[in-house]
Amino acid sequence: MSPHAPPLRGSLPPEGADPAWGGPAPDPYAHAPPTQISPPSGDGALTLGLFHLAIKTDDLDLTRAFWCGVIGLREVARPDFGYPGAWLACPQPGGQAIVHVYAGGPALGGLDCVPSGSGAIDHLSLACVGYHAYRARFAAAHLEWREFLVPGTTLWQLFAYDPSGVQLELTFEGAAETGLPPDMSEDRVYRAGHSFFHPPTYPRQPLLSLHGVNRHATL
């Protein structure tokens, strides 16, 4: 995949959208690095920057009031994921949706209450190109991963965990990618609130070996 891919758009259907939300989702590549930068590995996988931060909440209205009323973000159109939430963007025209908030069952994640503190941060989303190159990297490292096609958009996503259990969401503009779209089969599709991080089986040594480190991995 060439790093000269067009910006990730992720436009949403206008039907039913509140005009005050600003219509289509903003361009998340507004601050992408210069396009002449090539992936150092040459396999086409390239991280362009932070896409958004995702926060879990047990009080969506209160969270909106803080991020919009105090911090000054604005709510923009959000795909229908089947559970409540909000996408909050920078206030300037075309400002990126930098905070994704969600509530309901997925925010509980099988617990009795929504976590607070750093536990309320669900995942880190990075804007990337080279969807299938990243999949190949995950497979080479023996990592578990999940895939997703954001409803009503052209956004493709991959999910994986770092060794500390931090969930990463890699977001791609599907229209600029080659190859098959995300695998939405039962065993591969991503489900919000369902962790697939298993510390005892995390492939620490394969990761170290890929990086040229030959030792037993430790926590």
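Further up the page is the structure itself.
Here is a short report on the structure shown in this document. Because the structure is a prediction, the values reported are computed rather than measured.

Turning our eyes to something else, we now look at the nonpolar core. C128, Y134, F138, F148, L158, L170 and F172 are the most contacted members of the largest nonpolar core, which totals 31 residues. Elements with a contribution of two residues or more to this core: β1 (46-56), β5 (121-129), α3 (131-140), β7 (155-161) and β8 (167-173). Considering every element that reaches this core, the biggest residue donor is β7, with six residues. Setting aside chain neighbours within four positions, we find F138 in contact with L143, W145, L158, A160 and L170. Counting residues in each nonpolar core, the second largest holds eight residues, with L73, L88, V99 and V101 among its members.

Looking at chain direction, strand β6 (residues 146-149) and β7 are connected through four bridges and run antiparallel. Along β7, the bridge assignment pairs R146 with F159. Linking two consecutive strands that pair antiparallel, namely β6 and β7, is a turn of five residues; a positive phi of about 75° is found at G152 within it.

For the rest of this paragraph, the subject is the packing of aromatic side chains. For the coordinates displayed, the defined rule picks out 14 aromatic pairs. Aromatic side chains F66 and W67 sit 5.4 Å apart centroid to centroid with 85° between the ring planes, which places their arrangement in the edge-to-face category. Plain terms: the ring middles of Y161 and F196 are 4.7 Å apart, the flat faces sit at 70° to each other, and that makes the pair edge-to-face. In this pair, Y161 sits in strand β7 while F196 sits in the loop between β8 and α4 (204-210), placing the two residues 35 residues apart along the sequence. On the accessibility criterion, Y161 (10% relative accessible area) is buried. Aromatic rings pair up to connect F81, Y83, W87, Y102, F148, F159 and Y190 into one cluster. R137 extends its terminal NZ or CZ atom over the ring of Y134, reaching a point 5.4 Å from the ring centre. Against the face of F196 rests R146, its NZ or CZ located 4.4 Å from the ring centre.

Together, L50, L124 and V166 make up a nonpolar patch on the protein surface, roughly 230 Å² of accessible area in all. Among the structural elements, L124 can be located in strand β5. Since its relative accessible area comes to 31%, L124 is described here as partly exposed.

A complete count under the given rule lists six salt bridges for this structure. The partner of E147 in a salt bridge is R135, and the shortest N-O contact between them spans 2.9 Å. Of this pair, E147 sits in strand β6 while R135 sits in helix α3, placing them 12 residues apart in sequence. Among the residues examined, E147 registers a relative accessible area of 1% and is labelled buried. The partner of R191 in a salt bridge is E186, and the shortest N-O contact between them spans 3.0 Å. Judged by relative accessible area, E186 falls into the exposed class, the value being 59%.

Moving on: α3. All buried positions along α3 are accounted for by Y131, A133, Y134 and F138. Seen end-on, α3 carries its buried residues on one side only, within an arc spanning 165°. Its buried side turned inward, α3 meets β1, β5, β6, β7 and β8. Among the residues trailing α3, H142 stands out with phi positive, at a value near 60°.

Looking at the secondary structure, you find R191 in the loop between β8 and α4. For the pair R191 and F148, spaced 43 residues apart in sequence, the C-alpha to C-alpha distance is 8.5 Å.

What counts and how
- Residues numbered from 1 in each chain as written.
- Predicted model: local features only at pLDDT ≥ 70, side-chain atom pairs only at ≥ 80, totals over all residues.
- Heavy atoms only, no water.
- Core = buried A, V, L, I, M, F, W, Y, C linked by side-chain atoms within 4.5 Å.
- Buried < 20%, exposed > 50% of the residue type's maximum accessible area, 1.4 Å probe, protein only.
- Helix = DSSP H or I, 4+ residues; strand = E, 2+ residues; numbered from the N terminus.
- Contact = heavy atoms within 4.5 Å.
- Pairing = 2+ DSSP bridges.
- Phe/Tyr/Trp six-rings, centres within 6.5 Å; stacked < 30°, edge-to-face > 60°.
- Lys NZ or Arg CZ within 6 Å of the ring centre and 35° of its normal.
- Patch = residues over 30% accessible without salt bridge, like charges linked within 9 Å, V, L, I, M, F, W, Y side chains within 5 Å.
- Areas by Shrake-Rupley, 256 points an atom, 1.4 Å probe, with all protein chains shown as cover.
- Salt bridge = Lys/Arg side-chain N within 4 Å of Asp/Glu carboxyl O.
- Arc of directions from axis to C-beta.

Distances and angles like these do not, on their own, reveal function.
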